[in-house]
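# Architecture and fold: a report
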Amino acid sequence: MTITLIKRATLLNEGIRQQGDLLIADGRIQKIAPQIDAPDGAEIIHAEGKLLIPGMIDDQVHFREPGLTHKGNILSESRAAVAGGITSFMEMPNVNPQTTNAEALEAKYRRAAEVSVANYAFYLGATNDNLEEIRTLDPQAACGIKIFMGASTGNMLVDNRETLEAIFANAKIPVVTHCEDTPMIDANEAAARAKYGEAVPVKLHGEIRSREACLKSTKMAIELAKAHGTRLHVLHISTADELALFEAHKSLDSLAEANITAEACVHHLFFSDADYDTLGTQIKCNPSVKTERDRQALLDAVKRDVIDVIATDHAPHTWEEKQNTYFKAPSGVPLVQHALLSLLEHVHDGVLTLESVVQKTSHAVAERFNLKERGYLREGYHADLVLIDLEKPYPVNKDNLLYKCHWSPFEGYTFRSTIAATWVGGVLAYDGREVISDPVGQRLVFNR
Ligand code: DOR
């Protein structure tokens, strides 16, 4: 049994910062105290001046396995995740074959058990005809049910109103939605094509996948959830306009019980349409990156708890695929390795607090999905931990990228913080330079 004692870190948990020691044994946080004597054989980590927080739990990633493994796979992307301080991930169903039944889900869990360095869970994808799978789903078999209420990578659009009603009525676990109105987007695409042919400038992406399309679809999801009492989590909110919808329906209940919650993603908090000129299709994603005003409104909504959870929507595509013209370049950005670091930039800028970053990336996700014994620095909980050096800059370059696609929109950027170490279930997975662990990720368990 490995015993690790982390000494004199600044522990940040549930809004409280204190200097202290944390003892890991048997994969769990054994003890937290101002001073702990080292047990025999303990490995000691001197962490003075560094910040120790619960690992990020990313509720929205695309790791591309099975079937799209030229873009990424569970091994490569989970390694990148732990290097970025993400200790658990929840993965999306738009792979090949799609994850739309219990068998496909279990195949993914089996694969993850063999190769994943981080803890894992998978979504069941809704389709226009798999209601029976949704009805009979074992609540431990998936973190949630994903509905593409707007078409995106992978042809999983569910656009039949009756089907949507039935899914919302029958879901026993959280429903998570991608909200963009496809007919509106189709019309905008046709207009852009009529004007520019194939040479549509990428910077029009924010207007083509428009704010109106997001607003209409998000409104519909909220209506459906209210009508059926569904536990709805709307993914990747990208506009100021949608935020008003969540202010109005903000639940006073605990997040674990809340009916309607909202997620923002790190790229919508970091980039704006001003960045299309330099980054082009690298930041083409769905929903699109919108204006600086939207970005500011999202950051403000994080501060005011209108946004509950922050995730990545990590969606790698190859560099070659991304070099295509506007319509042919696929949407999606690889993000897991730099998600926490990018959020800490907002802390360095005085825009977000560390407390709020920890709340939105860890505690709130654990609550929303009813995760068992994860997401907090608490004695008895799994030792999923990240040690951060807030004073040490971290330059992003090709040499330190771990994604299979081997590019990042952050290349050439230097973050003001560094991930100094990541533990997954008490095992040192990343030592600040390299991913050093075997596949130690565990299947996430839910209090359901
Ligand atoms: O930009 C995106 N990429 N949005 C999605 O909804 C899907 C994702 C992907 O899988 O590439």
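Residues numbered from 1 in each chain as written. Predicted model: local features only at pLDDT ≥ 70, side-chain atom pairs only at ≥ 80, totals over all residues. Heavy atoms only, no water.

To be explicit about the condition: UniProt positions are given in the numbering used here, feature names are shortened, and annotations may be inferred rather than shown by experiment.
An unreviewed UniProt entry lists the chain under the name Dihydroorotase, from Ferrimonas sediminicola. In its Function (unreviewed entry) section, the UniProt record describing the chain reads: "Catalyzes the reversible cyclization of carbamoyl aspartate to dihydroorotate." UniProt's Sequence similarities (unreviewed entry) comment on the chain is quoted here verbatim: "Belongs to the metallo-dependent hydrolases superfamily. DHOase family. Class I DHOase subfamily."

### Some thoughts on empty space enclosed by the protein
Put simply, the test is: Residues are said to line a cavity or pocket when one of their atoms sits within 4 Å of a point; the points come from a 1 Å grid over protein atoms alone, cavities being sets where a 1.4 Å probe fits but cannot get out and pockets being open sets with protein on both sides within 12 Å along at least five of seven lines. Grid points are joined across faces, edges and corners, and a volume is the space filled by probe spheres set on the points. When residue character is reported, Ala, Val, Leu, Ile, Met, Phe, Trp, Tyr, Cys and Pro are called nonpolar, Asp, Glu, Lys and Arg charged, and the others, Gly included, polar.
Inspection of every chain in the model, using the stated rule, returns 2 cavities of 30 Å³ or more. In this structure, the largest cavity encloses a volume near 130 Å³. H62, S152, N286, D313 and A315 are the residues nearest the centre of the largest cavity, which is lined by 17 residues in total. Taken together, the residues of the lining of the largest cavity sort by class into 4 nonpolar, 10 polar and 3 charged. Of the pockets and cavities examined, the second largest cavity occupies roughly 30 Å³. Every residue along the wall of the second largest cavity is listed here: A83, Q337, L341, Y394, I419 and Y430.

### A look at the site of the ligand
Note the threshold: Here a residue counts as near a molecule or strand whenever at least one of its heavy atoms sits within 4 Å of it. Two N or O atoms count as a polar contact when they lie within 3.5 Å, although within protein this holds only if one can serve as hydrogen donor and the other as acceptor, and sequence-adjacent residues are included solely when both atoms are side-chain atoms. Areas reported as accessible are Shrake-Rupley estimates using a 1.4 Å probe. Residue values count occlusion only from the protein chains shown.
Around the ligand, 14 residues are found, and the nearest of them are R64, N94, S152, N286 and S331. The separation between an oxygen atom of the ligand and a polar side-chain atom of H62 is 3.3 Å. Contacts to the ligand include T153, whose side-chain N or O atom sits 3.0 Å from an oxygen atom. Coverage of the ligand by the protein chains reaches 100% of its 290 Å² of free accessible surface. When grouped by side-chain class, the residues that make up the shell around the ligand number 3 nonpolar, 9 polar and 2 charged.

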